[in-house]
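Notes for the structure review
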Amino acid sequence: EAGVVQSPRYKIIEKKQPVAFWCNPISGHNTLYWYRQNLGQGPELLIRYENEEAVDDSQLPKDRFSAERLKGVDSTLKIQPAELGDSAVYLCASSPLAGSGETQYFGPGTRLLVL
Amino acid sequence: GEDVEQSLFLSVREGDSSVINCTYTDSSSTYLYWYKQEPGAGLQLLTYIFSNMDMKQDQRLTVLLNKKDKHLSLRIADTQTGDSAIYFCAEKGATNKLIFGTGTLLAVQP
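In this report, we go over the structure that sits alongside the text. From a predicted model like this one, the values you see are computed outputs, not experimental measurements. (Residues numbered from 1 in each chain as written. Chains lettered and ligands numbered in written order. Predicted model: local features only at pLDDT ≥ 70, side-chain atom pairs only at ≥ 80, totals over all residues. Heavy atoms only, no water.)

So, about the overall build of chain B. Check the secondary structure of chain B and you find 0 helices and 11 strands. Overall, chain B shows an N-to-C arrangement of helices and strands of β-β-β-β-β-β-β-β-β-β-β. Relative to a compact globule of 110 residues, whose C-alpha radius of gyration would be 13 Å, chain B shows 13 Å and is just as compact. With respect to the three principal axes, the spread of C-alpha positions in chain B is 40 × 30 × 20 Å. (Helix = DSSP H or I, 4+ residues; strand = E, 2+ residues; numbered from the N terminus. Rg over C-alpha atoms; globule rule 2.2 N^0.38 Å.)

Right under this line is the structure:
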């Protein structure tokens with residue numbers, strides 16, 4: 001079974017440019033998460049989807065970040081415009097369903113460097 | 001607020017046991033997790049424990065939970081060089097989202 005797929009794996013852009021990350025969760029997983037992991041830190045949740053609905057986006061900087069999961073399957077996270085402080089690894093995770101004990105499976109991440 | 005803390009580094013010799021410690025603040029935590037992250041890779045779930053359990057063993061891994069002290073540990077028996085990685089503790093509380101620690105870098109010396 002394929003795991004969580006993310007692309008691209010690496011992205012280098014200049015500040016003020018837009019950037020987009022894509023995630024395809026494990027087949028059948030209803031819940032999808034986007035995390036940001038700064039260097040030397042643990043991941044921090046940006047947004048959580050249950051099917052196509054964003055149920056927790058309280059940590060998403062809405063002035064420049066947006067996300068969508070239109071058909072409740074794959075998802076895109078966008079930053080426009082990017083700032084130097086956005087350099088980080090962006091991780092996508094999925095789980096079978098939202099509940100107290102579901103396991104989250106992580107993708108390899110997209111490493112973003114903003115110059 | 002919710003906070004999870006870990007020591008930054010642990011160095012052990014191959015064949016020894018490793019013990020990675022974690023403390024958390026959320027008294028309403030329901031599940032606690034250990035994830036492993038190898039260089040350039042995503043997080044791999046190693047094991048988890050429900051908050052009403054004291055111990056869970058899975059092959060070379062033993063998780064101990066002291067709920068009173070809000071202390072979680074991961075013991076790796078017979079540590080191998082392939083165990084070298086960053087280990088993250090995470091807790092899930094009332095908000096139903098994972099709060100991660102900063103990770104412990106485990107270095108295994110041959």
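All names here are of chain A. On the secondary structure map, D86 appears in the loop between β8 (75–79) and β9 (88–95). Of note is the side chain of D86, whose polar atom sits 2.7 Å from the backbone nitrogen of E83. Other than its neighbours up to four places away in sequence, D86 contacts R36, R64, F65, I79, P81, L112 and V114. (Polar contact = N/O pair within 3.5 Å; in protein donor to acceptor, adjacent residues only side chain to side chain. Contact = heavy atoms within 4.5 Å.)

Turning our attention to the interface of chain B and chain A. The parts lose accessible area when they come together, and the size of an interface is often stated as this lost area. The partner chain A presents 23 residues to the 19 residues of chain B that form the contact. Considering only the side of chain B, the residues that lose the most area to chain A are B:L43, B:N96 and B:K97, jointly responsible for 28% of the buried surface there. Taken together, chain B and chain A are joined by 1 salt bridge. In this structure, B:K97 and A:D56 form a salt bridge, with 3.9 Å as the shortest nitrogen-oxygen distance. Run the count over chain B and chain A and you get 4 residue pairs in polar contact (both at pLDDT 80 or more). (Buried area = accessible area lost by both parts, 1.4 Å probe. Salt bridge = Lys/Arg side-chain N within 4 Å of Asp/Glu carboxyl O.)

Looking now at the sheet that holds strand β6 (residues 55–58) of chain B. Residues and elements named next belong to chain B. Strand order in the open sheet made by the 5 strands is β1-β3-β8-β7-β6, with antiparallel pairing throughout. Each edge of the open sheet is held by one strand with a lone partner, namely β1 (4–6) and β6. In this sheet, adjacent strand axes meet at a mean angle of 15° when their direction is disregarded. Alignment of β6 against strand β7 (residues 61–66), held across 4 bridges, turns out to be antiparallel. Its bridge partner being in β7, D58 is matched across the sheet by L61. (Pairing = 2+ DSSP bridges. Axes fitted to C-alpha atoms, helices over the stretch in contact; angles between N-to-C directions.)

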